[in-house]
Amino acid sequence: FFEALVRRCAFCGTISAGGGSSQLTLTGCVRNSMPQLYSMPIGNRVPIVQRLFSTPVTWEQRSDWVERIRQGLRAAQFPQGVSGFFVGISAMFHAAKAAGITDR
């Protein structure tokens, strides 16, 4: 019961990524505030669909992809420094599972 209560109080929102877009929902992080929604048109299939990567992928291509994601986050005004309990949906869950951090 206590663990469920702590998670409920610490819950900050959801983070999701799909083939063509990524989203962040903030709720519960700030008392008496409305949920905040953020979205950017960059997803995990974009490099494949737009043929951005060669086989094998080079370090330069990876670096360019990371910078494109960062630019997308800035352009969509995603917040920085947010912490708390987030639920990963879609590809974010699978990435967390592959990294071994689903329980953190």
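Each remark here, short or long, concerns the structure printed above.
It should be emphasised that the depicted structure is a prediction, and the values quoted were computed from it without experimental measurement. (Residues numbered from 1 in each chain as written. Predicted model: local features only at pLDDT ≥ 70, side-chain atom pairs only at ≥ 80, totals over all residues. Heavy atoms only, no water.)

1. Brief notes about the pattern of salt bridges
Summed over the entire model, instances satisfying the criterion amount to 1 salt bridge. Among the salt bridges present, the one from E67 reaches R74, with a minimum N-O distance of 3.0 Å. (Salt bridge = Lys/Arg side-chain N within 4 Å of Asp/Glu carboxyl O.)

2. Examining the sheet that holds strand β1 (residues 11–17)
Working definition: the strands of a sheet are paired by backbone hydrogen bonds and lie parallel or antiparallel to each other. Pairing is mixed across the open sheet formed by 4 strands, whose spatial order is β3-β2-β1-β4. Two strands bound the open sheet, and with one partner strand each, they are β3 (36–40) and β4 (85–90). The mean angle between the axes of side-by-side strands here comes to 15 degrees, regardless of whether they run parallel or antiparallel. Relative to β3, strand β2 (residues 22–26) is paired through 5 bridges, and the arrangement is antiparallel. For L24, the partnering residue across the bridge sits in β3 and is Y38. Sheet contacts for helix α4 (residues 91–99): β1 and β4; angle to β4, the most-contacted strand, approximately 110 degrees. (Pairing = 2+ DSSP bridges. Helix = DSSP H or I, 4+ residues; strand = E, 2+ residues; numbered from the N terminus. Axes fitted to C-alpha atoms, helices over the stretch in contact; angles between N-to-C directions. Contact = heavy atoms within 4.5 Å.)

3. Focus on unusual backbone geometry
Between T55 and P56 the backbone carries a cis peptide bond, its omega angle lying at -5 degrees. Tracing the chain through its elements places P56 in the loop between α2 (46–49) and α3 (59–75). Positioned with a positive phi, S90 is a non-glycine residue whose angle comes to about 60 degrees. Note on placement: S90 falls in strand β4. Residue class for S90 comes out partly exposed when judged on its relative accessible area of 41%. (Buried < 20%, exposed > 50% of the residue type's maximum accessible area, 1.4 Å probe, protein only.)

4. What to know about the packing of aromatic side chains
On inspection of all chains with the given rule, the structure shows 3 aromatic pairs. Each ring, one from Y38 and one from F78, has its centre 5.7 Å from the other, and the planes form 45 degrees; the classification is tilted. Of the two residues, Y38 sits in strand β3 while F78 sits in the loop between α3 and β4, which places them 40 residues apart along the sequence. Residue classification places Y38 among the buried residues on the basis of a relative accessible area of 17%. Ring centres of F53 and W65 lie 6.4 Å apart, and the angle between their planes is 85 degrees; this geometry places the pair in the edge-to-face category. Of this pair, F53 sits in the loop between α2 and α3 while W65 sits in helix α3; the two residues are 12 residues apart in sequence, bridging distant segments of the chain. We classify F53 as partly exposed; its relative accessible area is 32%. (Phe/Tyr/Trp six-rings, centres within 6.5 Å; stacked < 30°, edge-to-face > 60°.)

5. Description of the nonpolar core
If you look at the biggest cluster of nonpolar residues, it comprises 8 residues: L24, L26, Y38, M40, I42, V46, W65 and F78. Elements with a contribution of two residues or more to this core: β2 and β3. Among all residues touching Y38, those that are not within four sequence positions of it are S22, Q23, L24, L26, A76, Q77, F78 and P79. (Core = buried A, V, L, I, M, F, W, Y, C linked by side-chain atoms within 4.5 Å.)

None of this, on its own, says anything about what the molecule does.
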